[in-house]
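Given next are the chains, with one letter for each unit.
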Amino acid sequence: GSCRQSFKSISDFEAHYQSAHRHRCATCSQIFPNVRLLELHVAEKHDAYFKAMVRKGNQNLYECLVDGCLERFISDQKRQDHLVSHHFYPTKFNFQCSSLNYLSSKKKNNIMRGKTKDTQTII
């Protein structure tokens, strides 16, 4: 299925394209706010080599999701713990939700401040 949404202006179309189509996983159609998170998703969820390396163990393969943070972790759970303790993600943040919609920066900021109950995954 192609998108059938119509727009009143080019800028409305461009905004929609950026948020709904630009960084879409070719395998599962999940949408990401930027290319880095898309690449992390593809590696962690769909790449057989990554999965083999995780099974092998003893390597910090999971990168922090926050731009500019260079920390890596041996498991997704250790990364989640880091996001909560160092980047102030809410302790009840739903890291495993399979929603196709990603957080806008305003919505993410509201979640981080505890102003909404909405939760969605990052990867």
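Just above sits the structure.
Treat the numbers as computed from the prediction; the structure is a model and nothing was measured.

Here's the deal with helix α4 (residues 76-87)
Stage number 1. Here α4 is twelve residues long and its end C-alpha atoms lie 15 Å apart, about the 16 Å a rise of 1.5 Å per residue gives.
Stage number 2. Among the residues making up α4, those that are buried are R79, Q80, H82 and L83. On an axial view of α4, the arc spanned by its buried residues comes to 160°, and they lie on one face.
Stage number 3. Looking at the buried positions of α4, the neighbouring elements they touch are α2 (35-46), β1 (62-63) and β2 (72-73).

Some words on unusual backbone geometry
Stage number 1. Phi is positive for N58, close to 60°, though the residue is something other than glycine.
Stage number 2. Looking at where N58 falls in the secondary structure, it is placed in the loop between α3 (48-56) and β1.
Stage number 3. Judged by relative accessible area, N58 falls into the exposed class, the value being 73%.
Stage number 4. Positive phi values are uncommon outside glycine, yet F88 reaches one of about 65°.
Stage number 5. Tracing the sequence through the fold places F88 in the loop between α4 and α5 (105-112).

Re α2
Stage number 1. Taking 1.5 Å per residue as the helical rise, α2 with its twelve residues ought to reach 16 Å, and the 16 Å between its terminal C-alpha atoms agrees with that figure.
Stage number 2. All of the buried residues along α2 are L37, L38, L40, H41 and E44. Projection of α2 onto a plane perpendicular to its axis shows the buried side chains occupying an angular sector of 165°, all on one side.
Stage number 3. Between the side-chain oxygen at the start of α2 and the backbone nitrogen of R36 there is a gap of 3.2 Å, and the oxygen is on N34.

Topic: the packing of aromatic side chains
A ring pair, where both rings are aromatic, is described by two values, the distance of the centres and the angle of the planes.
Stage number 1. Taken as a whole and assessed by the stated rule, the structure comprises four aromatic pairs.
Stage number 2. For the pair F7 and F13, a centre-to-centre distance of 5.8 Å together with 70° between the ring planes defines the contact as edge-to-face.
Stage number 3. Between F13 and Y17 the ring centres are 6.3 Å apart and the planes differ by 35°, which places this aromatic pair in the tilted class. Residue F13 and its partner Y17 are both found in helix α1 (residues 10-20); the two are separated by four residues, about one turn of the helix.
Stage number 4. One aromatic cluster is present, formed by F7, F13 and Y17 through successive ring pairs.

Digging into the nonpolar core
The nonpolar side chains of a soluble globular protein tend to be buried, and buried together.
Stage number 1. One finds F32, L37, C64, L65, L83, Y89 and F95 to be the most contacted residues of the largest nonpolar core, which totals 17 residues.
Stage number 2. Every element with two or more residues in this core is listed here: α2 and α3.

What counts, and where the lines are drawn
Residues numbered from 1 in each chain as written. Predicted model: local features only at pLDDT ≥ 70, side-chain atom pairs only at ≥ 80, totals over all residues. Heavy atoms only, no water. Helix = DSSP H or I, 4+ residues; strand = E, 2+ residues; numbered from the N terminus. Expected span 1.5 Å × (residues − 1). Buried < 20%, exposed > 50% of the residue type's maximum accessible area, 1.4 Å probe, protein only. Arc of directions from axis to C-beta. Contact = heavy atoms within 4.5 Å. Polar contact = N/O pair within 3.5 Å; in protein donor to acceptor, adjacent residues only side chain to side chain. Phe/Tyr/Trp six-rings, centres within 6.5 Å; stacked < 30°, edge-to-face > 60°. Core = buried A, V, L, I, M, F, W, Y, C linked by side-chain atoms within 4.5 Å.

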